[in-house]
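# Secondary and tertiary structure notes
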Amino acid sequence: MTSPPTADFVNIANETKAAKLFAPCMVGPIEGQFLKMVAQSKSDKRILDIGTFTGYPALAFADRIPSIGEVVTIEADNAAAAVARKCFKSAQNGYKVKLLETDARKAVTDMVHTGEQFDIVFLDADKTNYRHYYEAALNLLNEDDLIMAGNALCSLVYEENDPVRQSLHEFAQFVRNDKRVEQLMLTVREGVLLVRKV
């Protein structure tokens, strides 16, 4: 009962497989459609996507923001970034995407120091650093704007001794008790945590 992906998103999936990258890391059609609708409902103009992989979430946001809008997306892995850049170049709304090939921790810290502002920040990079990205995001957003964290329920599927499991659990519990925000955990795909700055 969800609208199917357009040709641009089918192309991302095909290019990801052709490059022999780990396809399960890719945001799928259901979560992609959800990201589109959130961006559209808020009439957002500037979105930060931390963790591009091969570009699905960045392009989902780009599909729904105005023509003057911008999606800034960060990816440290050269192979994933190369696929994303190729897909953005051929996509109808790829011109709205600015891809930064760099370390996300340093990039978001620099953005805070230079006073950049975004309407949505989507966390989808290395899970052990979600807390760092979250704190940066709170400084990059205005009141009532959104942080969205992908894979937020993945702590349920990792082995008990896996550090990612513990990091995701601790992150969710921290947000739950953070008086600066209100939050909603959704069971879309592997969990999406919506956080509104209050």
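A short tour of the structure in this document, coming up.

Reading the values: the criteria
Residues numbered from 1 in each chain as written. Predicted model: local features only at pLDDT ≥ 70, side-chain atom pairs only at ≥ 80, totals over all residues. Heavy atoms only, no water. Helix = DSSP H or I, 4+ residues; strand = E, 2+ residues; numbered from the N terminus. Rg over C-alpha atoms; globule rule 2.2 N^0.38 Å. Core = buried A, V, L, I, M, F, W, Y, C linked by side-chain atoms within 4.5 Å. Buried < 20%, exposed > 50% of the residue type's maximum accessible area, 1.4 Å probe, protein only. Pairing = 2+ DSSP bridges. Axes fitted to C-alpha atoms, helices over the stretch in contact; angles between N-to-C directions. Phe/Tyr/Trp six-rings, centres within 6.5 Å; stacked < 30°, edge-to-face > 60°. Lys NZ or Arg CZ within 6 Å of the ring centre and 35° of its normal.

### Notes on the overall build of the protein
Summing up its helical and strand segments, the protein has seven helices and seven strands in all. Counted from the first residue to the last, the protein has its helices and strands arranged as α-α-β-α-β-α-β-α-β-α-β-α-β-β. For the protein, whose C-alpha radius of gyration is 16 Å, the value lies close to the compact-globule estimate of 16 Å for 198 residues. When the backbone C-alpha atoms are referred to their principal axes, the protein occupies close to 40 × 40 × 35 Å.

### Quick notes on the nonpolar core
In summary, soluble globular proteins display a tendency toward joint burial of nonpolar side chains. Within the largest apolar cluster, 36 residues are counted, with the highest numbers of intra-cluster contacts made by Leu-35, Phe-61, Val-71 and Met-148. Taken together, the elements giving at least two residues each to this core come down to α1 (7-18), α2 (29-42), α3 (56-62), α4 (78-90), β3 (97-101), β4 (118-123), β5 (141-150) and β7 (192-197). In terms of nonpolar packing, the next biggest core, distinct from the first, is built from 31 residues, Phe-118, Ala-137, Leu-168 and Val-175 among them.

### Details of the sheet that holds β5
Taken in spatial order, the seven strands make up an open sheet running β3-β2-β1-β4-β5-β7-β6, and their pairing is mixed. Two strands in the sheet have a free side with no partner beyond their single neighbour: β3 and β6 (181-186). The sheet shows a mean angle of 15° between the axes of neighbouring strands, taken without regard to direction. Across four bridges, the pairing between strand β1 (residues 46-50) and β4 is parallel.

### Notes on the packing of aromatic side chains
Per the counting criterion, the structure on display carries five aromatic pairs. Aromatic pair Tyr-130 and Phe-171: ring centres 5.4 Å apart, planes at 75°, arrangement edge-to-face. Taken together, the positions of Tyr-130 in helix α6 (residues 130-140) and Phe-171 in helix α7 (residues 163-176) put the pair 41 residues apart, joining distant regions of the chain. Here the two residues Tyr-130 and Phe-171 agree in accessibility, since each one is buried. When the centroid spacing of 6.0 Å and the interplanar angle of 90° are considered together, the rings of Tyr-134 and Phe-174 count as edge-to-face. Taken as a pair, Tyr-134 in helix α6 and Phe-174 in helix α7 lie far apart in primary sequence, 40 residues in all. Ring-pair connections join several aromatic residues into one group, and the members of that group are Tyr-130, Tyr-134, Phe-171 and Phe-174. Here Arg-131 stacks its cationic end above the ring of Phe-174, 3.5 Å away from the centre of that ring.

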